[in-house]
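# Observations on the model geometry
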Amino acid sequence: MIPEGFPILLTLMWAIPVLGMVILMLIPNRNERAIKWISVLITAVPLILAIFIFINFDRFSQEYQYAGRVPWINAFNIHYSMGIDGISVWMVLLTALLDFIGAIASWGVSRDWAVGKSVKIYYVLYLLLEAGLIGFFCALDFIVFFVFWELTLLPMYFLIGVWGTEPRREGKIVRGGPYAAIKFFLYTLFGSVLMLLAILAVYFNSDPHSFDITTVKLIGAGPLAVLVWFGFFIGFAIKVPIFPFHTWLPDAHVEAPTPISVILAGVLLKMGGYGIIRVNLPILPEATKYLGTFLAILGVINIIYGALCAMAQTDLKRLVAYSSIGHMGFVLLGIASISDAGINGAIFQMLSHGLLSGMLFLIVGVIYDRVHHRFIVYPKDKELMQEWHLDPSLAGKPAFGGLGLKVPVYTGIVSLAFFGSLGLPGLSGFIGEALSLLGAFGRYKVLAIISVLGIVIGAAYFLWTIQRIFLGKLNPRYDKDAGGEEYDEEYDSHLTEINGRELATLIPLGVLVIVLGVYPSMALNIIKDSVALLLKTLI
Amino acid sequence: METLDNIQSVSKFIPELILIVFAIAVVISDFFAKGRRETLAIIALVGLIATLISVLAVSIGETGESLFMGMIKLDSFALFFKVLFIIATFATILFSVRLKEIADVHRGEYYALLLTVTLGMFLLASATNLLMIYLSLELVSISSYILSGFSTLKPQRSSETSFKFIIYGAVSSGIMLFGISLLFGMTGISNINDIGIILAGKASSPGEVYNLTILLSILFILAGIGYKTASVPFHQWAPDVYEGAPTPITAFLSVASKAAGFSLLLRFLYSAFAQPVAEGWSHIGEVNWPLILGIISALTMTVGNLSALLQNNLKRLLAYSSIAHGGYILMAAVVLTQQGVQYMLFYLLIYLCMNLGAFFVVILIADKLGSEEIDAYRGLRSRAPIVAVSMSIFLFSLTGIPPFAGFFGKLWLFGAVIEAGSHWYWLAIVGVINSVIALYYYVRVVKAMFLEESSETGSLSISRPHLVLLIIFVIPTILLGYIGQLWKLIPSSF
């Protein structure tokens, strides 16, 4: 039960970014330094609040904490109701952390990839995005849930469209920020309107009519329940994204500016996984069990397909984007198992993937800021090279090689993130994948065995990437000592070591990846009671 | 519910009389107010305010009295629409002041005709008699025909528009009249409530009642109503007329005239072809006209949205979008519930704000740049930031995206359909898929404004009163959905 009363602390969490928007609007446009500092300070507040909530979180209580609700539209029994449990507390913490880090990573907003575009509006939209994300993970009333869910769409559209990459022609399609933004918008809206119908169906089939996520239920696995289940599922599946609804993701992630890619991969994808756990499982328990195998098969497809696609990429950012699809497959597999280990694993995997994919996109950003492309190997297509403003004579040649010698610190951090992502024991990625597989093995032995293949392919492409970029001989283009004809002084001068600001964004994530890998109970202790409660309603 | 005779009714008819008086006053002062055309607008606006006050004074506290021996009815349903019409006409007049598109010599007729359309819509929303329905429908139509021909930008185009409008209008009202005559022939009476009682079999009829005749009569009547609400397949006039008419009139037609059509649809069909049951109505006998209405609704939104995808002229795009919105609104009418009626009226209110707002932006930009093409909107974010942001809010609200009011409106339109049970789920699914299609063309405009650069820079100077008027539309477009008290003011029956 959610106690009556106003959820002050959780409201502050999303209201402060909104307040921050108003403050930013009042600062004149030319005052860029002030805008950046104030934005970072504003995003720090929800982070501090989230840490405060986390420290004071009573992990032995199975109730929703910091919860409260007040009537909003009485005619339809709509409440403004919020609260967090062991699952959402992690999501909120992850959101606040990544938003803070993203704000720092956005420092280059006026310098590198968006000359002449307003820094102020960028941060205003960024804060709106944060408000939407935090509100979403705290919401316990379907209407509030849906409003926050959609609230993330608008800023995301503009952030990708305006501050993303310039439009460029690839074959028949004009790719680039605007293309990716509309694709993202259309896909997500399609999912959300179906979800809206599902919400209404749940509302009108509950007695008394209610939008309360914590109490409504649709028992049985009849046609209605299955239909409603799919309504919710497609909405969430597009966000996760689950094959075959994933095609917006490589575009959106690749064309978005670095900090936005971080938020997209780190937090936005989690909205989908979180939604399935928060809505499909408890509200449609029997339909979920009935469709469990279907869910598991989709999970396995995601794992294998994502890994294979990643392996085929020559664009580092695309590779990272596809690896997300693969990793989110484990979340789905864990949920499908409907077992203690599986669901714990799924949530842990979301957390771990949030940290790791955040790191990966920041890493890509570091390289992109220096050389303004992200190819591991230059494309063979000369026209495409021109679209990227690259020298066509380089087409088909490797872009890097032996970078470990030039930038050792950066190489070290990349290795940490890559090893974490490929599931090296001792880092967080391993725990999430292992637990999900453990859970899945109890119910779907064959599928679990097949999905292990995904880890192998994952190891293959990550190691191969390290080899192609960081190991081996120095690329003659920046090997000054060899003094070959191909030596390009300008290119060489761009390849500098990672700087302090970039390190500041990467190190907190790296530390958490190691801490959670060595001591996963830190997270699992809090998650497990909420999962146990969830499973009680399921079994 | 009592029926008043002609003499008793006059005191309740004051709002309509005020409209008539002011319409005449505008025409007369046109002779004297040469060179000071704004006085005419002021007279018309004062007339509307006086009407609003008298409408509220007359209607509040009434419990559905029939005036003039059952010709029109004074109830909260009619009151709601009357207020809606006054707001729409008021806004239209404000849009037209100082607009180059309307010739100064014609302003007298222009404002007077706007007041007569309003009068017609007043009567349409409250008519309960077949004759009264037809007369008021014609009053609205004929005034609209003339109004759509006022544009001086492309006079020939505007005349063509007007002519097209007349032909379509005449044909469909002719068909409707035939439907009405069938109805009258079967029952021998002209009060729609009494007709409903006879068709439901609760009273004996002077003539024979056949299901086929009822079906034909419904179809013919739907032709007339469908023309007013621009529903497929009676929508063809709309894009041409909306494009050719002066933009304030386009805004007016797409909001007020459409709302009047829906008020007629609800009152006529629900009274004559359905009988009241608990919390709603059930359609009479074996004629499943709600299904026909459902199919029309699905077709209307689909055709409207798909056609809008291809438009490069924003005015035309909004015309198709308003056809699609007619389809959405119709969704709530097919389920025959009191909630459905309430959701519909709620949506009409929100639609009024966001659609008038969007058309106002078209008016402003056309006035400054002389173009209604989407290309003209390129780079508007730096040239006129407030207008660009407001336009985005209107368009996202039309799409139905939270946190804007359009979302809450659409939420309950879908709610009405889902509530009615699983046999209507298909309509809801068609509806939501249409919402996604609609996003594409609305976002094209947003994209032009924010994501594309214009060859011309230099900010557009929009006058302060215009900006204030724009903000007045933005505020309800954001807030209307959050006001829980609003629901108490919206009638759910008549």
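Residues numbered from 1 in each chain as written. Chains lettered and ligands numbered in written order. Predicted model: local features only at pLDDT ≥ 70, side-chain atom pairs only at ≥ 80, totals over all residues. Heavy atoms only, no water.

### Considerations on the overall build of chain A
Rules: Helix and strand labels come from DSSP, where a helix needs a run of H or I of at least four residues and a strand needs a run of E of at least two; each type is numbered from the N terminus. When we talk radius of gyration, it's over C-alpha atoms, and the globule rule is simply 2.2 Å times the number of residues to the 0.38. Residue exposure (1.4 Å probe, protein chains only): buried if accessible area is under 20% of the type maximum, exposed if over 50%, otherwise partly exposed. The contact definition used throughout considers only heavy atoms, calling two residues in contact when any of these lie within 4.5 Å. Working definition of accessibility: Shrake-Rupley area with a 1.4 Å probe, residue cover restricted to the visible protein chains. The charge count treats Lys and Arg as positive and Asp and Glu as negative. His and the chain ends do not count. Every charge is mapped onto a representative atom, which is NZ of Lys, CZ of Arg, CG of Asp or CD of Glu.
On a plain count of helices and strands, chain A comes out with 22 helices and four strands. Here chain A has a C-alpha radius of gyration of 23 Å; the compact-globule value for 539 residues is 24 Å, and the two agree. Dimensions of chain A along its principal axes, counting C-alpha atoms only, are 80 × 60 × 45 Å. Per-residue burial over chain A gives 66% buried out of 539 residues. Looking at chain A alone, contacts between residues at least 24 apart form 78% of all its contacts between residues at least 6 apart. When the accessible surface of chain A is summed, it comes to about 18100 Å², and 67% of that surface belongs to carbon and sulfur atoms. Of the side-chain charges in chain A, 35 are positive and 36 negative, and the distance between the mean point of each set is 2 Å.

### Points about the overall build of chain B
A count of helical and extended segments in chain B gives 19 helices and four strands. Its C-alpha atoms give chain B a radius of gyration of 22 Å, near enough to 23 Å, the size a compact globule of 494 residues would have. Overall size of chain B, expressed as C-alpha extent along the three principal axes, is 75 × 55 × 45 Å. Here chain B holds 494 residues, and 63% of them are scored as buried. Looking at chain B alone, contacts between residues at least 24 apart form 80% of all its contacts between residues at least 6 apart. Counting only carbon and sulfur atoms, one obtains 66% of the accessible surface of chain B, whose full area is about 17000 Å². Looking at chain B, you have 27 positive and 27 negative side-chain charges, and the mean spots of the two groups are 9 Å apart.

### Concerning the pattern of salt bridges
Residues and elements named next belong to chain B. Heads up, the condition is: Any Lys or Arg side-chain nitrogen located within 4 Å of an Asp or Glu carboxyl oxygen qualifies as a salt bridge.
All chains considered together, the criterion is met by 22 salt bridges over all chains. Put simply, Glu 65 and Lys 12 hold a salt bridge, and the shortest N to O gap is 3.8 Å. With Glu 65 in strand β1 (residues 65–67) and Lys 12 in the loop between α1 (6–10) and α2 (14–32), this pair connects stretches of sequence that are 53 residues apart. The residue Asp 240 makes a salt bridge to Lys 164 at a minimum N-O spacing of 2.7 Å. Here Asp 240 is found in helix α10 (residues 237–244), whereas its partner Lys 164 is found in helix α7 (residues 155–187), with 76 residues between them in sequence. Since its relative accessible area comes to 18%, Asp 240 is described here as buried. Look at Lys 164 and you get partly exposed, because its relative accessible area is 24%.

### Topic: the pairing of strand β3 (residues 274–277) of chain B
Inclusion rule: Following DSSP output, two strands are said to pair if at least two bridges run between them.
Pairing of β3(B) with strand β4 (residues 280–283) of chain B, which is carried by four bridges, proceeds in the antiparallel orientation. Paired with Pro276(B) across the two strands is Trp281(B), which belongs to β4(B).

### Thoughts on the interface of chain A and chain B
Our working definition: Summed over both partners, the accessible surface that disappears when two parts come together, traced with a 1.4 Å probe, is what is meant by buried area. Polar contacts, as counted here, are pairs of nitrogen or oxygen atoms within 3.5 Å of one another; within protein the pair requires one atom able to donate a hydrogen and one able to accept it, and residues that are adjacent in sequence qualify only if both atoms are side-chain atoms. Residues were grouped as follows: Ala, Val, Leu, Ile, Met, Phe, Trp, Tyr, Cys and Pro as nonpolar; Asp, Glu, Lys and Arg as charged; and all remaining residues, including Gly, as polar.
Tallying the contact residues gives 34 residues for chain A and 33 residues for chain B. Taken as a group, Phe76(A), Leu197(A) and Phe204(A) account for 18% of the area that chain A buries against chain B, more than any other trio of residues on that side. Where chain A packs against chain B, one counts zero salt bridges. At the boundary of chain A and chain B, one finds zero residue pairs in polar contact (both at pLDDT 80 or more). At the level of secondary structure, the elements contributing two or more residues to the side of chain A that touches chain B comprise β1 (65–73), α5 (142–151), α6 (153–163), α7 (177–204) and α8 (223–239) of chain A. In terms of residue count, α7(A) provides more of the side of chain A that touches chain B than any other element does, 14 residues in total. Of the residues contributing to the side of chain A that touches chain B, the split by class is 30 nonpolar, three polar and one charged.

### Quick look at the nonpolar core
Filter applied, for reference: To qualify as a nonpolar core, a set must consist of buried Ala, Val, Leu, Ile, Met, Phe, Trp, Tyr and Cys residues joined through side-chain atoms within 4.5 Å.
Formed by 405 residues in total, the largest nonpolar core has its most connected members in Phe142(A), Phe232(A), Phe268(B), Phe273(B) and Trp412(B). Of the residues forming this core, the biggest block, 22 residues, is contributed by helix α14 (residues 338–369) of chain B. When neighbours within four sequence positions are excluded, Trp412(B) is seen to be in contact with Phe76(A), Ile78(A), Leu200(A), Tyr203(A), Phe204(A), Phe211(A), Tyr343(B), Phe346(B) and Trp487(B).

### Focus: the environment of Leu183(B)
All names here are of chain B. Checked against the element boundaries, Leu 183 lands in helix α7. A C-alpha to C-alpha distance of 9.3 Å links Leu 183 and Ala 272, two positions 89 residues apart in sequence. If sequence neighbours within four positions are ignored, Leu 183 has contacts with Leu 130, Ile 195, Leu 199, Ser 217, Ile 221, Phe 268 and Phe 273.

### Some remarks on helix α1 (residues 8–26) of chain A
All names here are of chain A. How we decide: What a helix should span is 1.5 Å times the count of its residues minus one.
Between its first and last C-alpha atoms α1 spans 26 Å; for 19 residues at 1.5 Å apiece the expected length is 27 Å, and the two agree. Within α1, burial applies to Leu 9, Leu 10, Thr 11, Met 13, Ile 16, Pro 17, Gly 20, Met 21 and Leu 24. Where the residues of α1 are buried, they touch α2 (32–55), β1, β2 (78–84), α3 (86–105) and α4 (119–138).

### Digging into the packing of aromatic side chains
Each aromatic ring pair is described using two quantities: the centre-to-centre distance and the angle formed by the ring planes. All names here are of chain A. The test is simple: For this analysis, a ring pair means two rings from Phe, Tyr or Trp (six-membered ring only for Trp) whose centres lie within 6.5 Å, classed as stacked if their planes differ by under 30 degrees, edge-to-face if by over 60, and tilted for the remaining angles.
Applying the stated criterion across every chain, the model contains 68 aromatic pairs over all chains. Judged by centre distance (6.0 Å) and plane angle (90°), the ring pair of Phe 142 and Phe 145 falls under edge-to-face. Taken together, the residues Phe 142 and Phe 145, both in helix α5 and three residues apart, mark about one turn of the helix. A relative accessible area of 0% places Phe 145 in the buried class.

### A short note on the environment of Phe54(A)
Residue and element names in this part refer to chain A. Topologically, Phe 54 is positioned in helix α2. For the pair formed by Phe 54 and Ile 526, sequence separation is 472 residues and the distance between their alpha carbons is 9.6 Å. Setting aside residues no more than four positions away along its own chain, Phe 54 makes contact with Val 89, Trp 90, Leu 93 and Ile 526.

### Focus: the domain arrangement of chain A
Residues and elements named next belong to chain A. Formally: What marks off one domain from the next here is an automatic or database domain assignment.
In terms of domains, chain A is made up of domain 1 (1–190 + 243–273) and domain 2 (292–539). Distance between the C-alpha centres of domain 1 and domain 2: 23 Å. Domain 1 puts 43 residues into the contact, and the matching count from domain 2 is 46 residues. When the two sides are added together, the surface that domain 1 and domain 2 hide from each other amounts to roughly 4000 Å², 71% of it contributed by carbon and sulfur. There are zero salt bridges connecting domain 1 and domain 2. The interface formed by domain 1 and domain 2 includes nine residue pairs in polar contact (both at pLDDT 80 or more). Only α3, β3 (168–170), α9 (248–255) and α10 (258–283) provide two or more residues apiece to the side of domain 1 that touches domain 2.

### Observations regarding the pairing of β2(A)
Residues and elements named next belong to chain A. Burial runs high along β2: seven of the seven residues are buried. Residues Ile 78, Tyr 80, Met 82 and Ile 84 point to one face of β2 and His 79, Ser 81 and Gly 83 to the other, with burial holding for every one of them. Bridge count for β1 against β2 is six bridges, and the pairing is antiparallel. Residue pairing across strands places Gly 68 opposite Met 82, the latter belonging to β2.

### So, helix α19 (residues 464–479) of chain B
The first and last C-alpha atoms of α19(B) sit 23 Å apart over 16 residues, in line with the 22 Å expected at 1.5 Å per residue. Among all positions in α19(B), only Leu469(B), Leu470(B), Phe473(B), Val474(B), Pro476(B) and Thr477(B) are buried.

### As for a nonpolar patch on the surface
Residues and elements named next belong to chain B. Stated formally: Exposure above 30% relative accessible area and the lack of any salt bridge qualify a residue for a patch; like charges then connect within 9 Å, and the nonpolar side chains Val, Leu, Ile, Met, Phe, Trp and Tyr within 5 Å.
On the surface, a nonpolar cluster with roughly 820 Å² of combined accessible area is contributed by Val 10, Ile 14, Leu 17, Ile 20, Ile 24, Val 27, Ile 28, Phe 31 and Phe 32. The leading source of residues in the nonpolar patch is α2, at eight residues. Take Ile 24: it is sitting in helix α2.

### Examining the packing of α1(A) against α2(A)
Residues and elements named next belong to chain A. What counts, and what does not: Interaxial angle, 0 to 180 degrees, is taken between N-to-C directions of lines fitted to C-alpha atoms, where a helix line uses only the stretch in contact. Working definition: roughly parallel below 35 degrees, roughly antiparallel above 145 degrees, roughly perpendicular at 65 to 115 degrees, and oblique for all remaining angles.
The geometry of α1 relative to α2 is characterised by a closest axis approach of 10 Å and an angle of 175° between their N-to-C directions. Here α1 lies roughly antiparallel to α2, going by the angle between them. Seen from α1, the contacting residues are Leu 9, Leu 10, Leu 12, Met 13, Ile 16, Pro 17, Gly 20, Ile 23 and Leu 24; seen from α2, they are Ile 35, Ile 38, Ser 39, Ile 42, Val 45, Pro 46, Leu 49, Ala 50, Phe 52 and Ile 53. Of the residues contributing to the contact of α1 with α2, the split by class is 17 nonpolar, two polar and no charged.

### Details of the packing of helix α13 (residues 316–336) of chain A against helix α19 (residues 445–469) of chain A
Residues and elements named next belong to chain A. The condition that has to hold: The sense of a crossing depends on the near helix, which, turned anticlockwise from the far helix by less than a right angle, makes the crossing left-handed and, turned clockwise, makes it right-handed.
The interhelical angle for the contact between α13 and α19, taken along N-to-C directions, is 160°, at an axis separation of 11 Å. By the criterion of interaxial angle, the relationship of α13 to α19 is roughly antiparallel. Handedness of the α13/α19 crossing: left-handed. For the pair α13 and α19, contact is made by Leu 316, Leu 319, Ser 323, His 327, Phe 330 and Leu 333 and by Ser 451, Ile 455, Tyr 461, Phe 462, Thr 465 and Ile 469, respectively. Each residue belonging to the contact of α13 with α19 can be placed in one class, and the counts come to eight nonpolar, four polar and no charged.

### Some thoughts on the side chain of Thr187(B)
Residue and element names in this part refer to chain B. Structurally, Thr 187 can be placed in helix α7. Separated by 2.8 Å, the side chain of Thr 187 and the backbone oxygen of Leu 183 make a polar contact. With sequence-adjacent residues up to four places away left out, Thr 187 is seen in contact with Ile 195, Ile 198, Leu 199, Ser 205 and Pro 206.

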